[in-house]
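Fold and contact review
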Amino acid sequence: MPCRANILITELFDTELIGEGALPSYEHAHRHLVQENCEAVPHRATVYAQLVESRRMWSWNKLFPIPVHTSCGEQVIVPPLELERCPGAPSVYDIQLNQVSSADFTVLSDVLPMFSVDFSKQVSSSAACHSRQFEPVASGRAQVVLSWWDIEMDPEGKIKCSMAPFWAHSDPEELQWRDHWMQCVYFLPQEEPVVQGSSIYLVAHHDDYCVWYSLQRTSPEKDRRVYPARPVCDCQAHLLWNRPRFGEINDQDRTDQYIQALRTVLKPDSVCLCVSDGSLLSLLAHHLGAEQVFTVESSAASYRLMKKIFKANHLEDKINIIEKRPELLTSADLEGKKISLLLGEPFFTTSLLPWHNLYFWYVRTAVDQHLGPGAVVMPQTASLHAVVVEFRDLWRIRSPCGDCEGFDVHIMDDMIKRALDFRESKEAEPHPLWEYPCRCLSEPQQILTFDFRQPVPPHLIHAEGSIELRRPGRSHGAVLWMEYHLTPDNTVNTGLLKSVEDKVVLCTGTVAGTPTASRQCTSSPWRTPERRWAALRLSVTLWISTPTLETSPWISHSQTPWTMGSDPHLLRNKVA
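In the nomenclature of an unreviewed UniProt entry, the chain corresponds to type III protein arginine methyltransferase from the organism Panthera pardus. Listed in UniProt under the heading Catalytic activity (unreviewed entry), the comment for the chain reads: "L-arginyl-[protein] + S-adenosyl-L-methionine = N(omega)-methyl-L-arginyl-[protein] + S-adenosyl-L-homocysteine + H(+)".

Below, the structure is given as C-alpha cells:
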C-alpha cells in the first residue's frame, strides 16, 4: 500500500462476534494498515447477555441421574463426580434461539450490555474481562447465559444490525432471519442459586477468539477472582458427546422406550453385547436382569468415559467393557460365551446423516459368528422415511441474491451455483430441524426398511416410487429421517413427530422438550409453482456389495427425477 487507508471495511464476525479472528485482525490493521482516527465500517459492536435457568438447555451440558424401575425397586444411574464438576466444552453453542419456547427457560436477569468494541480505534486482542452488577429479577438456579450482539454501521448509530432474539428485539416485526449470525448459549461452569433482588456480578471473559461467562458475588476488581483461561472439559464426556447427544441421553421418554423394549427381550440367562459409542444401554440391561453384559468401545476416549460411569455406579466388576473394534472381537473377549442379545441404540459419534447409524447393521454382520442360536437383535429393524416440506426460512441458504441494495451480485450467484452443482446440491445435508420451522406438503412416506435380524445382504437394496404433494405451497426440499423399531411395540423416532396442516412440522429435537443428537436431512431443493399440487418420483438405492465393514450405505446419485446422496466414504473412514 502506498499510504495508510482512512476507511476500514470488514466482515470478520461470527455468532460469537470474535470467533473468526476479528480482534487480532483489527489490531493488526490499526497498527500497520490504517490511519489514526480512521473510520471503520461497521463502526461499533456491543455484546449482550441474559442469565436464565433452563432444565432443557442445562440437559445439553450435564448428565442427569436416570431412574430405572426394576423388579428389585428403583435403581438410579448417576454421573461420575468428575462429570458433575466439569465446566463443560469450551466452545459456544450457537443455535436459533427464537425457536426455543419461552416456557423452556426462566429469565433471571434483564438484558445486560457486557462490553463494546469500537472498530475505528485501536483494538486489543489481549485477554480481558468485563463485569456487570445486577439484581436478579427472579430467584432460581443460574445455569445458562444467553448472548448475542449488535453492530452500528455508522458513528451516529442510525444504521444498526441486531442479532437479538424476538423477546429482546427493539422491533420484533422487523426481525431478520439469519443462519450465520445467530445467538449463543453459554453454560456456567456450575449452576449457582440466585435470589431476587440480591446483587451479584455477571462477568464476560474473552481471549482473542472466545468468550465465556462466570458469576461472582463480589466485584472482580476487588477480589481479583477472575479465570485466567477459559474452562475446558476434564471429564472427557464433553469430548465424546456433543450438546444434542447430552440432550438425547437425558431424554427420559426416549430412555423409557429402551427400558420397555429390554423388558420384552431380556431373560434371566441373557448374555448381552452392546455396540454403540458411549451408550448407557449396558447399564440398563444390567439393572433389568441380564446375566452378563459386554460392551464394546472402539475409541480410547469412550472406553475411559464408560469406565468412569461404571465405577460411579459400582458396576466396574459387573459389566465387561472391551476396547476394540467390533469386527475384531474374538471368542476370548467374550469369555467363550455366545451372545443371546445384541443391543444398539444405534449411535456412533462419526455419523452425520440419519442413515450413517446403519453402521450397526455392518457390526451385526461382523459379529454374526458370536451370536448364539435364536439370538435377539435390538433394534430388530429400521426404516427410512421422507416428507416434502416448505421451509419458512431455511430455503434462503440456497436462494440466489440477485440485486442487493442496488448491487448486482449475479456473478456471485452463478459462481455459488456452479460450486454447488459440482457435488453439494446432489447430496443430502444434515440439519437440526427443530431450529428450522416448516410444514408438510406431502404425507410422510416410508422409503426403505432394514432388517437387522439378518446379516447385510450381498445385493443392492432399491426402492422407487412417487410422493404426491397434498397441500399448496413451495416444495423446498425433502426431509429424511430414520426410525428404529426396537420391538414390534417400541419405536425410537428420530424425525417427524406430527404434522398439522398450515402449521410448522414438529420434528425430533422437541421430544420431551429436549433436542436430540439425531439429525434429519434435507435433499437438494426444488420448486413447484405456488398453490399447485404435483406428484414427484423418488428413486433411492442403498449400495451394499458385500456384508463387510468396508462398505457403506448411501443414497444413490440417480439423476432422474431428482438427486440426493451422501459421501460413500464416510462410513469407510469410520472403520479405517
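The description of two aromatic rings rests on the distance between their centres and on the angle between their planes. Scanning the entire structure with this criterion turns up 17 aromatic pairs. Centroid distance Trp 149 to Trp 181: 5.0 Å. Interplanar angle 65°. Geometry classified as edge-to-face. With Trp 149 in strand β10 (residues 140–152) and Trp 181 in the loop between β11 (160–162) and β12 (183–194), this pair connects stretches of sequence that are 32 residues apart. Among the residues examined, Trp 149 registers a relative accessible area of 1% and is labelled buried. Of the aromatic side chains, those joined through ring pairs into one cluster are Phe 13, Tyr 26, Phe 119, Trp 149 and Trp 181. The cationic tip of Arg 56 hangs over the ring face of Trp 434; the distance from NZ or CZ to the ring centre is 4.6 Å. A cation sits over an aromatic face here: Arg 245 above Phe 347, 3.8 Å from the ring centre.

With that settled, the discussion passes to the pattern of salt bridges. Opposite charge on two side chains allows them to pair when their charged atoms are near. Summed over the entire model, instances satisfying the criterion amount to 22 salt bridges. We note a salt bridge from Asp 104 to Arg 56, for which the minimum N-O separation is 2.9 Å. Here the residue Asp 104 occupies a position in the loop between β6 (93–95) and β7 (106–107), and Arg 56 occupies one in helix α2 (residues 55–58), the gap between them amounting to 48 residues. In this structure Asp 104 comes out as partly exposed when scored by relative accessible area, which is 22%. By relative accessible area, Arg 56 is classed as buried at 8%. Ionic pairing is found between Arg 245 and Glu 248, a salt bridge with its closest N-O pair at 2.5 Å. With Arg 245 and Glu 248 both in helix α6 (residues 243–249), this residue pair falls 3 residues apart, about one helical turn. The burial state of Arg 245 is the same as that of Glu 248; both residues are buried.

A word on the environment of Pro 67. For Pro 67, the position within the fold is in strand β4 (residues 66–70). On the basis of relative accessibility, which here comes to 27%, the residue Pro 67 falls in the partly exposed class. Setting aside residues up to four positions removed in sequence, Pro 67 forms contacts with Glu 74, Gln 75, Val 76, Gln 252 and Ile 259.

What counts, and at which threshold
Residues numbered from 1 in each chain as written. Predicted model: local features only at pLDDT ≥ 70, side-chain atom pairs only at ≥ 80, totals over all residues. Heavy atoms only, no water. UniProt positions renumbered as here; feature names shortened; annotations may be inferred. Phe/Tyr/Trp six-rings, centres within 6.5 Å; stacked < 30°, edge-to-face > 60°. Helix = DSSP H or I, 4+ residues; strand = E, 2+ residues; numbered from the N terminus. Buried < 20%, exposed > 50% of the residue type's maximum accessible area, 1.4 Å probe, protein only. Lys NZ or Arg CZ within 6 Å of the ring centre and 35° of its normal. Salt bridge = Lys/Arg side-chain N within 4 Å of Asp/Glu carboxyl O. Contact = heavy atoms within 4.5 Å.

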